[in-house]
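# Observations on chain architecture
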Amino acid sequence: MELKMKYHYSYFIYPYVVKEEKYNKYIQKLLKNSKCTLKILERRKDFSMYNYFLPTVREYMFKSFSFADSNMRVFNSFRNKT
């Protein structure tokens, strides 16, 4: 009997560290870069990704999953100011 293989998609995330004194410049550089886009993850829309990661990983690496409506309003007003 032949064993059937199923293709599984996995997420590869490469974490890295930015020195504290260079953090502001690094963020400004990312925001100015046209190849870099900001993606806000939502639990309902990105449910498969939400279920894929453990709760501790979601909290550490994907803060936007835990944003409430009030957090999003503050975040959107902050983006407009910058």
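Note that residues are indexed from 1 along each chain, following the sequence as it is written. Whole-chain, interface and lining totals are the exception, using all residues; otherwise, since this is a predicted model, local features are given only for residues with pLDDT of at least 70 and side-chain atom pairs are given and counted only at 80 or more. The side-chain figures draw on all heavy atoms in the structure; neither hydrogens nor water molecules are used.

### Quick look at the overall build of the chain
- Strands here mean DSSP runs of E at least two residues long; helices mean DSSP runs of H or I at least four residues long; both are numbered from the N terminus. On a plain count of helices and strands, the chain comes out with 4 helices and 0 strands.
- The helix and strand sequence of the chain, counted from the amino end, reads α-α-α-α.
- Across the 82 residues in the chain, those meeting the buried criterion constitute 11%.
- Put simply, 44% of the contacts in the chain that link residues at least 6 apart link residues at least 24 apart.
- Per-residue accessibility takes into account occlusion by the displayed protein chains alone, with areas from the Shrake-Rupley method and a 1.4 Å probe. Accessible surface for the chain amounts to roughly 8,500 Å². Of this, 57% is attributable to carbon and sulfur atoms. Think of it in three bands: residues with accessible area under 20% of the maximum for their type are buried, residues over 50% are exposed, and the middle band is partly exposed, with areas taken using a 1.4 Å probe on protein chains only. We call two residues contacting when some pair of their heavy atoms lies within 4.5 Å.

### Remarks on the confidence of the model for the chain
- Averaged over all residues, the pLDDT of the chain equals 79, while 82% of them reach at least 70.
- pLDDT is a per-residue confidence score from the predictor, ranging from 0 to 100. For the chain, helix 4 (residues 69–81) is the element with the lowest average pLDDT, namely 71, and helix 1 (residues 23–32) is the one with the highest, namely 87.

### Topic: the pattern of salt bridges
- By convention in these notes, a salt bridge is any Lys or Arg side-chain nitrogen within 4 Å of a carboxyl oxygen on Asp or Glu. If you walk through the whole model with that rule in mind, you get 2 salt bridges.
- The partner of lysine 45 in a salt bridge is glutamate 42, with the nearest N and O atoms 3.9 Å apart.
- When its relative accessible area of 38% is taken as the criterion, glutamate 42 is described as partly exposed.
- Between glutamate 59 and lysine 63 there is a salt bridge, and its shortest N-O distance comes to 3.3 Å.
- Here glutamate 59 falls in the partly exposed class, since its relative accessible area comes to 38%.

### Concerning the packing of aromatic side chains
- The criterion for an aromatic pair is that two Phe, Tyr or Trp rings (for Trp, the six-membered ring) have centres within 6.5 Å, with stacked assigned to planes under 30 degrees apart, edge-to-face to planes over 60 apart and tilted to the rest. Scanning all chains against the criterion turns up 6 aromatic pairs.
- Taking 6.2 Å as the distance between ring centres and 25 degrees as the angle between the ring planes, the aromatic pair formed by phenylalanine 47 and tyrosine 50 counts as stacked. You can see phenylalanine 47 and its partner tyrosine 50 sitting in helix 2 (residues 47–52), 3 residues apart, about one turn around the helix.
- Each ring, one from tyrosine 50 and one from phenylalanine 65, has its centre 5.2 Å from the other, and the planes form 75 degrees; the classification is edge-to-face. Of the two residues, tyrosine 50 sits in helix 2 while phenylalanine 65 sits in the loop between helix 3 (55–61) and helix 4, which places them 15 residues apart along the sequence. As far as the burial class goes, tyrosine 50 and phenylalanine 65 line up, both buried.
- Grouped by ring-pair contacts, the aromatic residues Phe47, Tyr50, Tyr52, Phe53, Phe62 and Phe65 constitute a single cluster.
- Cation over ring: arginine 58 sits above tyrosine 50, and NZ or CZ is 3.8 Å from the ring centre. Only when the NZ atom of a Lys or the CZ atom of an Arg is both within 6 Å of the ring centre and within 35 degrees of the ring normal do we say a charge sits over the ring.

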